[in-house]
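# Coordinate analysis (summary)
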Amino acid sequence: MRAEHREFEPLVVDDRCRVFILTGAGISAESGIKTFRDHNGLWEQHDVYEVASPAGWAKNPALVWRFYAQRRAQTFETAPNAAHFALAKLQQRLSDSVFLCTQNVDPLHERAGSPHVIHMHGELLKSRCERNHEPAFHDEAIYLDPRNLPRCACGALVRPHICWFGETPFHLDAIEAALSKCDLLVTIGSSGAVYPAAGFVAVAKSRGAKTVYVGPELPENVASFDECRLGTATAVVPKLFATPST
Ligand code: NAD
């Protein structure tokens with residue numbers, strides 16, 4: 001469903017306002033990273049479950065690493081856009097009052113200068129031991145040789161540090177704590193189809209927060225938003241927030 005674009009007043013926020021921001025694949029679309037929907041559920045004719053699930057990993061880890069090799073390489077060819085920069089500026093201005101949670105695994109928020117980013121679905125530039133023998137570590141390597149996949153000191157395979165289908169997202173305790181005390185929740189570029197993230201807005205709203213959606217089309221969880229500001233992330237987010245006039 002689409003609706004007409006209209007002009008909205010900026011959201012006036014200061015450091016007494018606790019802001020929860022959830023970003024989805026849509027915020028990185030204008031940086032050239034395709035959303036999940038753009039892929040139509042397929043990658044090089046493979047179902048995405050084959051490359052993004054524990055079962056796919058158990059069946060063919062070399063194929064999984066080939067998929068993430070492409071995603072990693074893409075992070076070096078893309079740059080943050082005006083929406084990532086606007087959120088970084090907001091965080092720098094309001095410091096700890098802004099909780100930035102992303103479903104994205106790309107590093108574009110950090111590259112725009114965001115000081116704290118909660119990656120609930122993991123990070124493309126991190127890997128970890130599949131048996132969790134060691135914590136996740138920064139890793140920019142591209143693993144393409146199926147006979148030479150990376151291994152931990154314990155002997156187990158090293159896997160991408162990504163929350164795959166069927167796995168539990170990261171940082172849920174910190175997210176729950178931030179949701180329970182936020183005054184304003186803003187979701188940017190997320191279809192509202194992937195849970196638990198799609199349920200955050202209902203939790204914040206039930207606790208009294210104002211809820212705003214930004215994206216070119218209405219999300220599936222539209223009923224929980226007080227306002228939907230229709231437009232692309234780069235068109236809307238740079239004008240979204242304002243400082244109170246003194
Ligand atoms: P999604 O693919 O389900 O939905 C993308 C949303 O972005 C849609 O609602 C669409 O209307 C919106 N959108 C498209 N262009 C936009 C633009 N220019 N500005 C603003 N919004 C725009 O994405 P999702 O809800 O984030 O969930 C999909 C899952 O796929 C997530 O778990 C995420 O981890 C993963 N994913 C991540 C990346 C990334 O890291 N950049 C990319 C693809 C998928």
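To start, this report covers the structure provided alongside it. Keep in mind the model is a prediction, meaning the values are calculated, not measured.

About the cut-offs
- Counting from 1, residues in each chain are numbered in the order their sequence is written.
- Confidence filtering applies because this is a predicted model: local features only for residues at pLDDT of at least 70, side-chain atom pairs given and counted only at 80 or more, and all residues used for totals across whole chains, interfaces and linings.
- Side-chain figures throughout are based on the complete set of non-hydrogen atoms in the structure, without hydrogens or water.
- Distances are taken per atom, and a residue is near a molecule or strand as soon as one of its heavy atoms is within 4 Å of it.
- In protein, a polar contact requires one atom able to donate a hydrogen and another able to accept it; more generally it is a pair of N or O atoms within 3.5 Å, and residues adjacent in sequence count only if both atoms are side-chain atoms.
- Computed with the Shrake-Rupley method and a 1.4 Å probe, the accessible areas treat only the protein chains shown as cover for residues.
- Starting at the N terminus, helices and strands are each numbered in turn, a helix being any DSSP run of H or I of at least four residues and a strand any DSSP run of E of at least two.
- In the scheme used here, Gly and all other residues not listed as nonpolar or charged are polar, with Ala, Val, Leu, Ile, Met, Phe, Trp, Tyr, Cys and Pro taken as nonpolar and Asp, Glu, Lys and Arg as charged.
- Any helix carries an expected span of 1.5 Å times its number of residues minus one.
- For every residue, the accessible area (1.4 Å probe, protein chains only) is compared with the maximum for its type, and the residue is labelled buried under 20%, exposed over 50%, or partly exposed between those bounds.

Looking now at the site of the ligand. The local shell around the ligand holds 26 residues, among which Gln-103, Asp-106, His-121, Ser-191 and Glu-217 are the closest. A distance of 2.8 Å is found between an oxygen atom of the ligand and a backbone nitrogen or oxygen belonging to Ala-25. One of the backbone nitrogen or oxygen atoms of Gly-189 is found 3.3 Å away from an oxygen atom of the ligand. Here the ligand loses 88% of its free accessible area of 850 Å² to cover by the protein chains. Residue assignment for the shell around the ligand shows that the elements contributing at least two residues are α1 (25-29) and β11 (210-215). For the shell around the ligand, the element with the highest residue contribution is α1, accounting for 4 residues. Classifying every residue of the shell around the ligand gives 9 nonpolar, 12 polar and 5 charged.

Between its terminal C-alpha atoms helix α4 (residues 61-75) stretches 21 Å, which fits the 21 Å expected from 15 residues at 1.5 Å a residue. Residues Pro-61, Leu-63, Val-64, Trp-65, Phe-67, Tyr-68, Ala-69, Arg-71, Arg-72 and Thr-75 constitute the buried set of α4.

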